[in-house]
Structure formats: C-alpha cells, structure tokens
Amino acid sequence: MAGWIDRALAPMAMMLVITACGNDGTGPDGQLKDVQVSFATTRAQQPAAASARVFFDDTLTSGVDTIFVSSVGIVLREVELKRLGADDCDKDVDACEKFESGPILVMLPLNGEPEVQFALDIPDGVYSEIEFDIHKVGDSNPEDLAFAQQHPEYRDKSIRVQGMFNGTNFLYETDLNVEQELQLNPPLVVDSTRAAAAITVFVDIDRWFRDNGGALVDPATGNKGGANEGLVKENIKQSFEAFEEDGSGGKG
C-alpha cells in the first residue's frame, strides 16, 4: 500500500531554504553551502550503519494486529547546528548556527525512501549535532498564528498520524513540545573545497505504537488522556537519529 502524503498538505512538504541568523551568516571565507535535510522512516532494531537501514513502508504488524499508516505530519521549529566541540547553544551564541524558520510542517515519507524536506544555507565549519524543536502550534506569536491559519488541524498540536488499526480508521494527535538534539555521525564538514553534503534524519516510526514488549497498541489510545498517551510520547522522543551524507549519495 502506498499514499504517503495528504495532498492538501503537499505544498508545505516541498523543500524550504532556511538561512542562518544570529551572526553575519558566513564562514571564515565568506562562503555559504546549501545543505539538504532529508527525513526517512525506518523500522525497529536498525543496524548502526545508516547505509544498512531498513525503511518503513506504511504497515506495522504484530501477531494478529496491523497498523496501516497513511500520513504522518510533524511540526518543527528553531533548527540549529552545533559546532564540533561546542558545549551549549543556549549559553554560547557562537557555538551554533541558528536558522530562523518559524513552524515547518514535515510530512514523513512512507514510500521506503528518504525525502528532502528543506535546505539550510550553512557557513563553513564542522558540525557535530543538529537540533530542532518538535513544536506544539500555539497562539502566542505571529508565526504560529499564520501557520495555524493555513493548517488549522495543527492548532495546539505538534504531530498528527492518520491510518487504520485492524481495519478501523484512527487519528493520533499529540501536543508533544520537546527539543531534539541529534548527534551527526560522522560530523558534518562544510567548506569551499568539499562537494555538497546532506543530512538525513531517521525516524523509527515502527516503535511509536508498540508497548515495552513490542506488541502493537491502538494509536487512538495514545491520544490526550488515553491509556497509552505517555508510552507513545516517550516512544516518539526516542525515535530520532541523524546521519551526515556526502554529496555522492553515499554516507560520509
């Protein structure tokens, strides 16, 4: 089965170009590099090497239970890259490159392939970590209000998943509001002599709706107030990894 994106949301899933802010936006030689950031969904118990990942293709099974996932949307904001050797982005403004993005809607691909979601104009340097917020859309700033006008279904939400559990339609929504700090393995090297690089964020969606024993749970029970709300939120927080890729399509 296929159909990884809600067509009504397709325009926001196209690549966005986000530029650095907080300083002059250039490296030592004044160069900026366009680095694409892709997202991919994977299955549980992945090998350590990114090149050996098993991609998720929209269906989960366990015993007699089956979850078919038709769409997964995640709202992100405040994308940052931490320089190698830096301690804390919040304490040292020069330790990280910050990208003023506002809310970004990322629709996770469910077709077994990584999908470019946005691009970052990155100054020369070596970066060891990508950071971003999984962001609950509120009403306290103009950016959130504008986003909510375009995507009212995400008001007071950060993630929406649609699909079927054992043949019955479900909608999972959460207000999870948390920062993700992902190590880049290996570090991302950006300089004027190197071919274009890229970053892939892997999301192990296979684990989102499983209990501690690996059995599937009804995604609807993970909604606010549901019996598995805390379980699913914690599974989501633990499901992100990032890898640097070289410009040839291989892993760096």
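### A few points about the overall build of the protein
Then, number 1: When its secondary structure is counted, the protein shows three helices and 13 strands.
Then, number 2: Within the protein, buried positions represent 50% of all 252 residues.
Then, number 3: In the protein, the share of contacts with a sequence separation of at least 24, taken over all contacts with a separation of at least 6, comes to 76%.
Then, number 4: Only carbon and sulfur atoms are counted for the fraction: they give 48% of the accessible area of the protein, which is about 11,200 Å².

### Some thoughts on helix 3 (residues 229-237)
Then, number 1: The complete set of buried residues in helix 3 reads E229, V232, K233, N235 and I236. Seen from one end, helix 3 has its buried residues packed into an arc of 160 degrees, which puts them on one side.

### Considerations on the pattern of salt bridges
Then, number 1: Per the stated rule, a full pass over the model turns up 11 salt bridges.
Then, number 2: E131 is the salt-bridge partner of K82, the closest N and O atoms lying 3.7 Å from each other. You can see K82 sitting in strand 4 (residues 65-83) and its partner E131 sitting in strand 8 (residues 125-134), a full 49 residues away along the chain.
Then, number 3: According to the relative accessible area criterion, K82 is buried, its value standing at 8%.
Then, number 4: By relative accessible area, E131 is classed as buried at 3%.
Then, number 5: Taken together, the shared-partner salt bridges connect D175, K224, E229 and K233 into one network.

### Description of the confidence of the model for the protein
Low pLDDT means the predicted coordinates in that region are not meant to be read closely.
Then, number 1: Residue-level pLDDT values for the protein average 81, and 75% of them are 70 or greater.
Then, number 2: Predicted confidence for residues 1-16 stays below pLDDT 50, and this span has 45 contacts to residues more than four positions away or in other chains.
Then, number 3: Across residues 22-30 the pLDDT falls below 50, and counting only partners more than four positions away or on other chains, this stretch makes 12 contacts in the model.

### Considerations on the packing of aromatic side chains
Then, number 1: Going through the model one piece at a time under the given rule, you end up with eight aromatic pairs.
Then, number 2: Plain terms: the ring middles of F39 and F118 are 6.4 Å apart, the flat faces sit at 55 degrees to each other, and that makes the pair tilted. Separated by 79 residues along the polypeptide, F39 in strand 2 (residues 32-41) and F118 in strand 7 (residues 115-123) bring together distant segments of the chain. Across this residue pair, the class does not change: F39 and F118 are buried.
Then, number 3: Measuring from ring centre to ring centre gives 6.0 Å for F132 and F240, while their planes differ by 65 degrees; the resulting arrangement is edge-to-face. One end of the pair, F132, is in strand 8; the other, F240, is in strand 13 (residues 240-245), and 108 residues separate them in sequence.

### Looking at unusual backbone geometry
Then, number 1: A cis geometry characterises the amide bond from N185 onward to P186, with omega recorded as 0 degrees.
Then, number 2: With phi around 55 degrees, E78 is a residue other than glycine that occupies positive phi space.
Then, number 3: Considering the arrangement of structural elements, one finds E78 in strand 4.
Then, number 4: Phi at D156 takes a positive value of approximately 65 degrees, unusual for a residue other than glycine.
Then, number 5: What makes D156 partly exposed here is its relative accessible area of 41%.

### Details of the side chain of N141
Then, number 1: Residue placement: N141 occurs in the loop between strand 8 and helix 2 (142-150).
Then, number 2: Note on N141: relative accessible area 18%, which makes it buried.
Then, number 3: Polar contacts involving the side chain of N141 include one to the main-chain amide nitrogen of D144, which spans 2.7 Å.

### With respect to helix 2
Then, number 1: Those residues of helix 2 not exposed but buried are D144, F147 and A148. One side of helix 2 holds all its buried residues, which, seen down the axis, span an arc of 100 degrees. Opposite the packed face of helix 2, turned more than 90 degrees from it, sit the exposed residues P142 and Q149.

### Considerations on the pairing of strand 9 (residues 159-165)
Then, number 1: Burial analysis of strand 9 places five of its seven residues in the buried class, which makes it a mostly covered element.
Then, number 2: Sheet analysis places strand 4 next to strand 9, joined by seven bridges and oriented antiparallel. Opposite V72, over in strand 9, you have V161 as the bridge partner.
Then, number 3: Strand direction decides the pairing type here: strand 9 and strand 10 (residues 168-174), joined by seven bridges, are antiparallel. Along strand 10, the bridge assignment pairs I159 with T174.

Rules of the game
- Residues numbered from 1 in each chain as written.
- Predicted model: local features only at pLDDT ≥ 70, side-chain atom pairs only at ≥ 80, totals over all residues.
- Heavy atoms only, no water.
- Helix = DSSP H or I, 4+ residues; strand = E, 2+ residues; numbered from the N terminus.
- Buried < 20%, exposed > 50% of the residue type's maximum accessible area, 1.4 Å probe, protein only.
- Contact = heavy atoms within 4.5 Å.
- Areas by Shrake-Rupley, 256 points an atom, 1.4 Å probe, with all protein chains shown as cover.
- Arc of directions from axis to C-beta.
- Salt bridge = Lys/Arg side-chain N within 4 Å of Asp/Glu carboxyl O.
- pLDDT = per-residue confidence, 0-100.
- Phe/Tyr/Trp six-rings, centres within 6.5 Å; stacked < 30°, edge-to-face > 60°.
- Polar contact = N/O pair within 3.5 Å; in protein donor to acceptor, adjacent residues only side chain to side chain.
- Pairing = 2+ DSSP bridges.

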